[in-house]
Protein chains: 2
Amino acid sequence: MQIEKDLQSLIDAIPPLDVTAMEAAASRQKTLTKPPGSLGRLEQLSVHLAGIMATPRPQIRHKVIVTMAGDHGVVAEGVSAYPQEVTAQMVYNFLHGGAAINVLARHAGARVVVVDMGVAADLDLHPDLVDKKVAKGTENIARGPAMTREQALQAVLNGAAVVEAELEKGLDILGTGDMGIGNTTPSAAIAAAITGRAPAEIVGRGTGVDDAGLARKIAAVQRALAVNRPDPHDGIDVLAKVGGFEIGGLAGAILAAAAHRKPVVVDGFISTAAALIAVTLAPQVRPYLIAAHRSQEKGHQIMLQWLGLPPLLDLDLRLGEGTGAALAMHIAEAACKVLDEMATFAEAGVSDRNT
Amino acid sequence: MQIEKDLQSLIDAIPPLDVTAMEAAASRQKTLTKPPGSLGRLEQLSVHLAGIMATPRPQIRHKVIVTMAGDHGVVAEGVSAYPQEVTAQMVYNFLHGGAAINVLARHAGARVVVVDMGVAADLDLHPDLVDKKVAKGTENIARGPAMTREQALQAVLNGAAVVEAELEKGLDILGTGDMGIGNTTPSAAIAAAITGRAPAEIVGRGTGVDDAGLARKIAAVQRALAVNRPDPHDGIDVLAKVGGFEIGGLAGAILAAAAHRKPVVVDGFISTAAALIAVTLAPQVRPYLIAAHRSQEKGHQIMLQWLGLPPLLDLDLRLGEGTGAALAMHIAEAACKVLDEMATFAEAGVSDRNT
C-alpha cells in the first residue's frame, strides 16, 4: 500500500544526532564566562540542540506550535466534564486568538498553526485553519476500534504534511499541542497499551471529572484494551484501535520534524501519547524530543519515564493545547542564546579557575 | 541613629497584599476558556501578583534585574575555585554584555542594573555602573565580623536606594542577582545562623570546589558562627557578622521593592540569603517574594523551606548573577498575560462544564 511506503520513507529519513556538533558545543560551553556546568540543564540542552540541529551554535528564530484538534466517540461513555461541541468552539477560539495557547505562544514569539484533524463538525472556513480532517471524530474505543488502519496511516501522514508545509515558511523548533474533548481517555489507553501499565495507574481526571467520571474513564480504557487488543509493538495498530486523529497527526508532525532535524518540544499528556506512538513507529525519533513539562495528569510521569525524558518544567499544568510547550520553548531558546552569545574567558579578560 | 530610623521607615512602608484584587483575579480565572485550575501554578501566580501589585489584572512591562557585586575577606580561607580578581572582571563583563545574565536578561526583555556594593578594587567609571560601594570587600568572617553594624545598615539602605532610582525609570518586577567570589560562604553562614541548621547541611561546592575546598568552607562557616555568634532574630546583626555587602544591598532592594508593591523574583543561593535577611528584618516582606528556582547549591532547599517558598523552576542552575530570576520572570509575565489576555467563556462563545 502506497501509504505504508510513504510512512516508511518518512521514518527512514530520520538521521542520528550530529555527535561532532555536540562535541563542539560542549567544548564551547567550557570556555564561557561561568563555572563549568553552572547553568545546569541549559548547558545540557544547548548541547542536545546542537546535535539535533547539526550545528555547534544552534539558533532558534522561527518557533511553531501545531495545535491539532479531533473528536472522540468515547465521550459517549461519560468520560469528560465538557460537552463535545467545545472542541469546535475552542478551534474558533484558537483562530480568534483568545485561548491560553494564543496568549502563551505570543509571549514566546511562536506562531500557532491550528489543524482540524478530525473534529466532529463541519468547521467554518478560515484562512488560518488547516484542514486535514480524516473523519468527523473517532468511533467509541470502548466498543471497537477508533478508526481503520488506513485512517490511522492517513492521520500520521496528514500531520507530517502540516510540518512539511510549515518548514517552507520557517520552522526551527516545533511545539506540539492538542484540543479534543475526551482525548485524555484514548491517550491513557495508548499509554497503557505501550507501557504495559494498568489503566488505573494512568487514567487521571482530564478536564476535571469527579470520582464517578474517573471510574467511568478507567472502565472505558480497560474495555478499550480488552475489546481491541492493540499490538504494543505496532504504533499504527495502537493508534487505529485506541487512538485519535489529532494524536495520529501529532505523531506524524513529530516524525516529520525529526526527519528535518528540528527539535520537538512535547507538551503534556496527549502530546506525550503521540510521542509514544512516534517512538514505537521509529525509535530513532526519541533523541529529537524535549519534554516541556510534567503534567498534573496522573499517568504523564509514567509516559515520560518510558520515553526516558526528564521534563523541563513542573508547573502543575494540565491544559494541553501546547501551553507547556510554549513556556518550554523560551527555555530552549535561552539555552541556545547562552551558548551562542556569552563571552569566553579569553574574550572578556576574565581569569579562569585556580588550577 | 538616623540610619536605623531610615531602615525602620522602609520596613514600615511595606503594605499587606491586596486581598480584594486577589479575589477579583481568582474570579476572573474561573471565567477564562480553560478548565478551572488547569494552568496550575500560572493561575496561582497571577492571583499572587494581583495581590502584590494591587490590581485585578496586573501587567508587567518594565522588568529589572539588579546584579550586585561585592568581595569577601573569607576567600583567604581557600573557599573558592576562582581568584578574587574575577569579581571585578565579571563586573566589566556585565557592563560589556557578555555574561550569562546579560544574555538571559535580553532574552527576558529585562534590563540589568550592575551595582558595585563592595568590590575589592577601584573599578573604572562606566555610565552603567551604579556605585554604591560600602567598602572594598568584607573582613574575613572566619576571624571576626564581616563589617560594622553601621556598614550593614548602609549596605541595606544603599540597595534600597538602587531600587528607588530604578522605580523612576520604570520597574514592574524586580529580579535579584549577585556576583562575588567567595559569596556562597557568607550566604551559607547566614542560612545556618537564621535557620538553625548545621553548616554541613547547607554548605555546597559553590563555583566548584573539590572535597578539600568543601571541607574548608564548612570549617570556615563553623568558625564564622562560633567567633561571631550572630543573633538570628536581628537581621542586621547577622549581615554585619557573617554577611556581605552585595547580600545586604539585595536585602535592601527586596525591602524597597515590597514597599512599592513590586514583586521580587529571588534568584539562587546568595539572593535567597539576602531574602532571609530581609524577612528577618521585616516578616511582612515574605509575600512579595517569588522563588525563581531551586539551585543545585546544597543548602538552597533548606532556605526555601524556611521561607515557605516553592520554586518555579528546577534546572540545576548554580550560577547566580540573577540568571534564574531572568528565566522565571518569563513565567511571571506569562501568568499575568494569561489572566489579562485570555477570552472568557462568554466572550468566546464556548460552552462551560456540564453541570
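Residues numbered from 1 in each chain as written. Chains lettered and ligands numbered in written order. Predicted model: local features only at pLDDT ≥ 70, side-chain atom pairs only at ≥ 80, totals over all residues. Heavy atoms only, no water.

**Quick look at the overall build of chain A**
Consideration 1: When helices and strands are counted, chain A shows 15 helices and six strands.
Consideration 2: In terms of overall size, chain A behaves like a compact globule, its C-alpha atoms giving a radius of gyration of 20 Å where 355 residues would be expected to give roughly 20 Å.
Consideration 3: Dimensions of chain A along its principal axes, counting C-alpha atoms only, are 70 × 40 × 40 Å.
Consideration 4: Within the span of chain A, comprising 355 residues, buried residues form 66% of the whole. (Helix = DSSP H or I, 4+ residues; strand = E, 2+ residues; numbered from the N terminus. Rg over C-alpha atoms; globule rule 2.2 N^0.38 Å. Buried < 20%, exposed > 50% of the residue type's maximum accessible area, 1.4 Å probe, protein only.)

**Some thoughts on the domain arrangement of chain A**
As a measure of interface size, the accessible area lost when the parts come together is often cited.
Residue and element names in this part refer to chain A.
Consideration 1: Domain annotation for chain A reports domain 1 (2–58 + 338–348) and domain 2 (63–333).
Consideration 2: Averaged C-alpha coordinates put domain 1 and domain 2 at centres separated by 27 Å.
Consideration 3: In this assembly, 21 residues from domain 1 lie in contact with 31 residues from domain 2.
Consideration 4: Both faces combined, the contact of domain 1 with domain 2 buries some 2200 Å², and carbon together with sulfur accounts for 72% of it.
Consideration 5: Of all residues in domain 1, the largest losses of buried area upon contact with domain 2 belong to Ile3, Leu10 and Ile14, amounting jointly to 27% of the total for that side.
Consideration 6: Taken together, the connections running from domain 1 to domain 2 amount to one salt bridge.
Consideration 7: Its salt-bridge partner being arginine 149, residue glutamate 4 comes within 3.4 Å of it at the nearest N-O pair. (Domains from an automatic or database assignment. Contact = heavy atoms within 4.5 Å. Buried area = accessible area lost by both parts, 1.4 Å probe. Salt bridge = Lys/Arg side-chain N within 4 Å of Asp/Glu carboxyl O.)

**Digging into unusual backbone geometry**
Consideration 1: The phi torsion at alanine 54 of chain A lies on the positive side, around 60 degrees, for a residue other than glycine.
Consideration 2: As for its position among the elements, alanine 54 of chain A is in the loop between α3 (40–53) and β1 (63–70).
Consideration 3: Classification of alanine 54 of chain A by relative accessible area gives partly exposed; the value is 30%.
Consideration 4: Although it is not a glycine, aspartate 316 of chain B adopts a positive phi angle of roughly 60 degrees.
Consideration 5: Counting through the fold element by element, aspartate 316 of chain B comes out in the loop between α13 (300–307) and α14 (323–341).

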